Amino acid sequence: MLEEVLTALALRPGAVVMDCTLGRGGHALEIARQISPGGTLVALDVDPENLKYARKRLEEAGVVGEGGASLRTFHANFGEAPDVLAALDIAGVDGLLADFGVSTNQLLDTRHGLSFNSEAPLDMRLDPRVKEKASDLLAQWDEKQIADVLYQYAQERFSYRIARKIVLTRATEPILTTGQLARLVRSVVPARWGQIDPATRTFQALRMAVNSELAVLEDFLASLPALLKPDARAAFISFHSGEDRLVKQAVRGYEEAGQCAALTKKPQEPAEMETTRNPRSRSAKLRAIRWTGGPPAR
């Protein structure tokens, strides 16, 4: 949703912008162009490999460095955004983008173990600082904990059936690979023609749990008063109903407190041309705000 993001942020040369999930640098490339010359792009990502790749991409495109924007990259999640600004001695940004999706390269990288279409270690950590892998959690959680995570994070209707199968299976063999888990889920969840793979929701829920995605998002949304200058604009891209609900609730709360104005009364969705080109974008929802000012977060 590049064009929609750029329209929402209404950037100008010299602006200070934070990209909270740099990824492969797609959004950052155009943001850097719009804030050049003299702008500053502060970019975060939990994946050091993505940081390295995106920095090189932006440097080779000539949009950062001499004549372009200043680029500062940090290995951090978006919940750590206030610490990043404090380290840079920046009081607030003019624009902020938070894309809560997972990069396609991360889904395909067997090192992360996020895909149920390949055989890989059941890891799911996007940030190497995270201690416990998905396989660790499945070995430790009781049946109710597993079922609750599957239902709360992915609305999995068969959560208890899957949880029971996991507990029974691990009693005789550890669940250590993506292929093992996918086959296990498919063995108890009926496949329906034309529907998503039965393992989709289980993998999504586990990834979100391993990386504490909703907790990090809540911390981030609570910190917006410490991140945004008066009249700054912020755009949020969600790919999950739980994420979008948290953003919606936060925006409503800040509106009621007189701290922001919503630029999108309803979430924007990708144009048909984009979903045809990139089917993964179908679930994307964009919300945007203009920050009107208020006391810093405590």
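Let us look at the structure shown here. (Residues numbered from 1 in each chain as written. Predicted model: local features only at pLDDT ≥ 70, side-chain atom pairs only at ≥ 80, totals over all residues. Heavy atoms only, no water.)

## Quick word on the pairing of strand 3 (residues 70-75)
Then, number 1: As judged from the six bridges shared by strand 2 (residues 40-45) and strand 3, these two strands associate in the parallel manner. For Thr40, the partnering residue across the bridge sits in strand 3 and is Ser70.
Then, number 2: Regarding topology, helix 3 (residues 48-61) serves as the crossover connection from strand 2 to the parallel strand 3, and that connection is right-handed. (Pairing = 2+ DSSP bridges. Helix = DSSP H or I, 4+ residues; strand = E, 2+ residues; numbered from the N terminus. Right-handed = clockwise from strand over helix to strand, strands pointing away.)

## Brief notes about the packing of helix 9 (residues 178-188) against helix 10 (residues 200-210)
Then, number 1: One way to put it is that helix 9 packs onto helix 10 with a least axis distance of 9 Å and a crossing angle of 130 degrees. One finds that helix 9 runs oblique with respect to helix 10. Between helix 9 and helix 10 the crossing geometry is right-handed. In contact with Thr178, Leu181, Ala182 and Val185 of helix 9, helix 10 contributes Thr202, Phe203 and Leu206.
Then, number 2: Looking at the contact of helix 9 with helix 10, its residues break down into five nonpolar, two polar and no charged. (Axes fitted to C-alpha atoms, helices over the stretch in contact; angles between N-to-C directions. Parallel < 35°, antiparallel > 145°, perpendicular 65-115°, else oblique. Left-handed = near helix turned anticlockwise from the far one by under 90°. Contact = heavy atoms within 4.5 Å. Nonpolar A, V, L, I, M, F, W, Y, C, P; charged D, E, K, R; others polar.)

## Thoughts on the sheet that holds strand 1 (residues 16-19)
Sheet strands pair by backbone hydrogen bonding; their relative direction is either parallel or antiparallel.
Then, number 1: Ordered in space as 3-2-1-4-5-7-6, the seven strands form an open sheet in which the pairing is mixed. With partners counted over all chains shown, the strands left at the sheet margins are strand 3 and strand 6 (260-262), one partner each. Neighbouring strand axes in the sheet, compared pairwise and without regard to direction, differ in orientation by 15 degrees on average.
Then, number 2: Where strand 1 lies against strand 4 (residues 93-99), three bridges are found, and the strand directions are parallel. Its bridge partner lying in strand 4, Asp19 is registered against Leu97.

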